[in-house]
Amino acid sequence: MKFTKMEGLGNDYVYVNCFKEQLDNPSESARILSDRHFGVGSDGLILIKPSEVADFTMDMYNADGSRSEMCGNGIRCVGKYVYDYGLTDKTSISIETLAGIKYLELKLEYGKVSAVTVDMGAPILNAKEVPVISDNDIVVDEDIAVDGINYKMTCVSMGNPHAVVFVDDVDSFPLDNVGAMFEKHNRFPNRVNAEFVQVIDRKTVKMRVFERGTGETMACGTGSCATAVACVLNDKTDEDVTVKLLGGDLLIRYDRQNNKVYMTGPAKVVFDGETDIC
């Protein structure tokens, strides 16, 4: 099977062109390929497929084989792949995901895609739709007890569930331990991606993320979008905010008047390869 490894701010996935390749058990393939010792090494597997309602379909699997609705960094790389590898000549494209159809604008340099802006659509705030168990219709700055410690969380779905927690010092925060407990907390029926955020100023935040099914990653596009929404809802930042991640920066705009989120960031090819291990 031929594949391409790509990354968006260090959030790396194995991409397979399913116009040419076929995987009988993508969940198992995701687990095998993602192993950083015995496989290719990645945060998961993304399949690029035909679509009847959009230009392409993106199917995503986490490193543990579980299915995921969307990945902001991953979808930017899909945009780069389909253009750079000749599946389309359009710079405005649509991608079908489990979180709905997303619309991408591709920025070119020297005939290749260097950055992508994604219309991520409207954030979902209704607690039942996130989903998060709460007595309130929306969860903003709400208490949650984790391992005997009380945190304040704001919950947002960008097609996948996120819990955003503001902290004083994100670098020293015990993310591996606390993030794992957030992910599987009984208040999140579908588990959750947990973002821990330090506000630098009205236009800048620093964020680390514990992604469900994977653990800490270098970056998370949907998590950055959820973070920007949480920042605005808690009056921490302006609508345009730079989210600083371990892998680099994403530019997020939460247009509150029109209730839409836009994400801009890079996408890169790491290497092409071929394997029979999956």
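Residues numbered from 1 in each chain as written. Predicted model: local features only at pLDDT ≥ 70, side-chain atom pairs only at ≥ 80, totals over all residues. Heavy atoms only, no water.

A closer look at the overall build of the chain
So, step 1. Scanning the chain for helices and strands turns up four helices and 18 strands.
So, step 2. What you see for the chain is a C-alpha radius of gyration of 18 Å, in line with the 19 Å of a compact globule of 278 residues.
So, step 3. Across its three principal directions, the C-alpha atoms of the chain cover 50 × 40 × 35 Å.
So, step 4. Relative to its 278 residues, the chain shows a buried fraction of 55%.
So, step 5. Considering only contacts within the chain whose residues lie at least 6 apart along the sequence, 61% involve residues at least 24 apart.
So, step 6. Distance from the positive charge centre (29 side chains) to the negative charge centre (43 side chains) of the chain: 2 Å. (Helix = DSSP H or I, 4+ residues; strand = E, 2+ residues; numbered from the N terminus. Rg over C-alpha atoms; globule rule 2.2 N^0.38 Å. Buried < 20%, exposed > 50% of the residue type's maximum accessible area, 1.4 Å probe, protein only. Contact = heavy atoms within 4.5 Å. Lys, Arg positive; Asp, Glu negative; His and termini not counted. Charge placed at Lys NZ, Arg CZ, Asp CG, Glu CD.)

Points about the pairing of strand β10 (residues 149-157)
Within a regular strand, side chains alternate between the sheet's two faces.
So, step 1. Pairing analysis gives five bridges linking strand β9 (residues 142-146) to β10, with the strands arranged antiparallel. Each bridged residue has a counterpart across the sheet, and for Ile-144 the counterpart in β10 is Tyr-151.
So, step 2. In this antiparallel pair of consecutive strands, β9 and β10, the connection spans two residues, and Asp-147 shows a positive phi of 55°.
So, step 3. As judged from the five bridges shared by β10 and strand β11 (residues 161-166), these two strands associate in the antiparallel manner. (Pairing = 2+ DSSP bridges.)

Quick notes on the pairing of β11
So, step 1. Burial of β11 is extensive: five of the six residues sit out of reach of the surface.
So, step 2. Pairing between β11 and strand β12 (residues 193-201): five bridges, direction parallel. The partner of Ala-163 across the bridge, within β12, is Ala-194.
So, step 3. For the handedness criterion, the β-α-β arrangement of β11, helix α3 (residues 175-183) and β12 is classed as right-handed. (Right-handed = clockwise from strand over helix to strand, strands pointing away.)

Topic: the side chain of Ser-68
So, step 1. Tracing the chain through its elements places Ser-68 in strand β5 (residues 67-68).
So, step 2. On the basis of relative accessibility, which here comes to 5%, the residue Ser-68 falls in the buried class.
So, step 3. Those residues in contact with Ser-68 that sit more than four places away from it in its chain are Met-60, Asn-62, Leu-98, Asn-160 and Arg-212.

A look at the pattern of salt bridges
Between side chains of opposite charge, a pair can form as their charged atoms come close.
So, step 1. With the rule as written, the count across this model stands at 22 salt bridges.
So, step 2. Between Arg-187 and Glu-142 there is a salt bridge; the shortest N-O distance is 2.5 Å. Placement of the pair is Arg-187 in the loop between α3 and β12 and Glu-142 in strand β9, with a sequence separation of 45 residues. The exposure classification of Arg-187 matches that of Glu-142, with both residues buried.
So, step 3. Residues Glu-216 and Arg-208 are paired through a salt bridge, measuring 2.8 Å at the closest nitrogen-oxygen approach.
So, step 4. Through salt bridges with shared partners, a single network forms among Lys-5, Asp-12, Arg-36 and Asp-43. (Salt bridge = Lys/Arg side-chain N within 4 Å of Asp/Glu carboxyl O.)

Brief notes about the packing of aromatic side chains
So, step 1. Taken as a whole and judged by the stated rule, the model has eight aromatic pairs.
So, step 2. Ring geometry for Phe-182 versus Phe-196: centroids 5.5 Å apart, planes at 85°, classification edge-to-face. Linking Phe-182 in helix α3 with Phe-196 in strand β12, this pair joins segments that are 14 residues apart in sequence. Side by side, Phe-182 and Phe-196 carry an identical accessibility label, which is buried.
So, step 3. Grouped by ring-pair contacts, the aromatic residues Tyr-151, Phe-173, Phe-182 and Phe-196 constitute a single cluster.
So, step 4. Over the aromatic face of Phe-166 sits the side chain of Lys-236, whose NZ or CZ is 5.1 Å from the ring centroid. (Phe/Tyr/Trp six-rings, centres within 6.5 Å; stacked < 30°, edge-to-face > 60°. Lys NZ or Arg CZ within 6 Å of the ring centre and 35° of its normal.)

Some thoughts on the nonpolar core
So, step 1. In this structure, Met-58 and Ile-252 are the most contacted members of the largest nonpolar core, which totals 51 residues.
So, step 2. The dominant element in this core, judged by the number of residues it contributes, is helix α4 (residues 221-233), at seven residues.
So, step 3. Contact partners of Ile-252, with chain neighbours within four places excluded, come to Ser-224, Cys-225, Ala-228, Glu-239, Asp-240, Val-241, Val-243, Val-261, Tyr-262 and Met-263.
So, step 4. Within the second largest apolar cluster, 22 residues are counted, among which are Tyr-151, Val-170, Phe-182 and Phe-196. (Core = buried A, V, L, I, M, F, W, Y, C linked by side-chain atoms within 4.5 Å.)

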